[in-house]
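Here is what each chain is made of, one letter per residue.
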Amino acid sequence: MNIETIGMIGTGIMGRPMAMNLLQANYKLAFYARRAGSLQPFESRPVNRFETPAELARHCDITITMVSDTPDVREVIAGEAGIIHGAQPGHLVIDMSTISPEETRSLAMQLGSRNIEMLDAPVSGGEQGAIDATLSIMVGGKDELFAQALPVLQCLGKNITHVGDHGAGQVAKACNQILVAQTMSAVAEAFLLARSSGVDPAKVREALMGGFAYSRILEVHGKRMLDNAYRPGFKAALHHKDLEIALHSARENGISIPGTDLVADYLEKIVETGNGELDSAAIAKIILGEIK
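Undergrad: Mind showing me how you'd approach the side chain of D279 here?
TA: Turning to its location among the elements, D279 is positioned in the loop between helix 11 (258-272) and helix 12 (283-287). Accessibility expressed as a relative area gives 1% for D279, which makes it buried. Of note is the side chain of D279, whose polar atom sits 2.9 Å from the backbone nitrogen of G233. Leaving out residues up to four positions away in the same chain, D279 has contacts with H221, R224, Y230, R231, P232, G233, F234, K235 and A236.

Printed below as a string of structure tokens:
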């Protein structure tokens, strides 16, 4: 595939730095944005803006979507003015949002009926990973499309894995979100035990950082918890949404994932108390009794 122009849909916390990294790699970009203000950082850049996803796709070889939730992806891909109505045969849609695996497969089928290709490529690594182009990227779709898209994905991340067919990337992301949420919960519980025993949680963290209990979550989110600093790298409301996707998939597969049920309840409580914009590490505020 000869990639001349990449279309970007979604320039929020994650999409904005991802687009900047593509520009730095000398790709030509074009944008569709529902909120014109989100494109302000690109005003001095040589980029085009289009009024609909369909119009954007008509002028691009690849379109990357990075939006919040399953309905948003469905709208920009298959809505009345969606990508499907403007993309030419052979166009590649790379959805880097975190959405339902089932919906991903449905969208891939709809696009395929018009000879439009799709990869699902959700990411992990938060805002800093997007800025540093060190995201982990989990990809579902055809082998040959993964190979074609890899040079683009390598501008955005470091650990890039082709997991399987359509939807497999989204399944891997659901697994990622389960592990992250439950590990954050475990860190908070460890700090609670330390505090209730009259032991400094910061010293406990320091001791654990050198042993088998070490994890990036203990390092990064454990520090957030100790500092009570929850500026979002990844918002609690979005993490709750992701766990609901995981739980839905579990129900569809006829299995139970009770640990995920528990941490999803924690995140739901954070959202319900008006704290959904905090980083999802605010799970600790529930466990430590700071949110009732």
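Having seen the structure, we can now continue with the description.
Undergrad: Could you clarify how one ought to interpret the packing of aromatic side chains in this entry?
TA: Aromatic rings in a pair are described by how distant their centres are and how their planes are angled relative to each other. Tallied over the entire structure, the rule returns one aromatic pair. With centroids separated by 4.6 Å and ring planes inclined at 40 degrees, the aromatic side chains of F31 and F42 adopt a geometry described as tilted. Of this pair, F31 sits in strand 2 (residues 28-32) while F42 is found in the loop between strand 2 and strand 3 (48-49), placing the two residues eleven residues apart along the sequence. Taken individually, F31 and F42 each receive the classification buried, so the pair is uniform in this respect.

Undergrad: Sorry, what's going on with the environment of G125 here?
TA: Note on placement: G125 falls in the loop between strand 7 (123-124) and helix 5 (126-132). Placed 108 residues apart in sequence, G125 and G233 show a C-alpha to C-alpha distance of 8.7 Å.

Undergrad: Explain the packing of helix 8 (residues 201-208) against helix 9 (residues 216-227) here, please?
TA: Angle between the axes and distance between the axes: these two values describe a pair of packed helices. Look at helix 8 against helix 9: their axes get within 11 Å of each other, and the N-to-C directions meet at 175 degrees. If you check the angle between helix 8 and helix 9, you find them roughly antiparallel. Taken together, the residues of helix 9 that come into contact with helix 8 (itself represented by P201, A202, R205 and L208) are L218, E219, G222, K223 and L226. Split into classes, the residues belonging to the contact of helix 8 with helix 9 amount to five nonpolar, one polar and three charged.

Undergrad: I would appreciate a short explanation of the state of the cysteines in the present structure.
TA: Any covalent bond linking the sulfur atoms of two cysteines counts as a disulfide. As enumerated under the stated definition, the model contains zero disulfides in all. Left without a disulfide partner, C60 is nearest to the cysteine sulfur of C155, which lies 16 Å away. Look at C60 and you get buried, because its relative accessible area is 8%.

Undergrad: Which parts of the structure should I look at to understand the pattern of salt bridges?
TA: Where charged atoms from two side chains of opposite charge come close, those side chains can pair. Counted according to the given criterion, the structure contains eleven salt bridges. Residue R34 is joined to D72 by a salt bridge in which the shortest nitrogen-to-oxygen separation is 3.2 Å. Separated by 38 residues along the polypeptide, R34 in the loop between strand 2 and strand 3 and D72 in helix 3 (residues 70-78) bring together distant segments of the chain.

Basis of the calculations
Residues numbered from 1 in each chain as written. Predicted model: local features only at pLDDT ≥ 70, side-chain atom pairs only at ≥ 80, totals over all residues. Heavy atoms only, no water. Helix = DSSP H or I, 4+ residues; strand = E, 2+ residues; numbered from the N terminus. Buried < 20%, exposed > 50% of the residue type's maximum accessible area, 1.4 Å probe, protein only. Polar contact = N/O pair within 3.5 Å; in protein donor to acceptor, adjacent residues only side chain to side chain. Contact = heavy atoms within 4.5 Å. Phe/Tyr/Trp six-rings, centres within 6.5 Å; stacked < 30°, edge-to-face > 60°. Axes fitted to C-alpha atoms, helices over the stretch in contact; angles between N-to-C directions. Parallel < 35°, antiparallel > 145°, perpendicular 65-115°, else oblique. Nonpolar A, V, L, I, M, F, W, Y, C, P; charged D, E, K, R; others polar. Disulfide = S-S within 2.5 Å. Salt bridge = Lys/Arg side-chain N within 4 Å of Asp/Glu carboxyl O.

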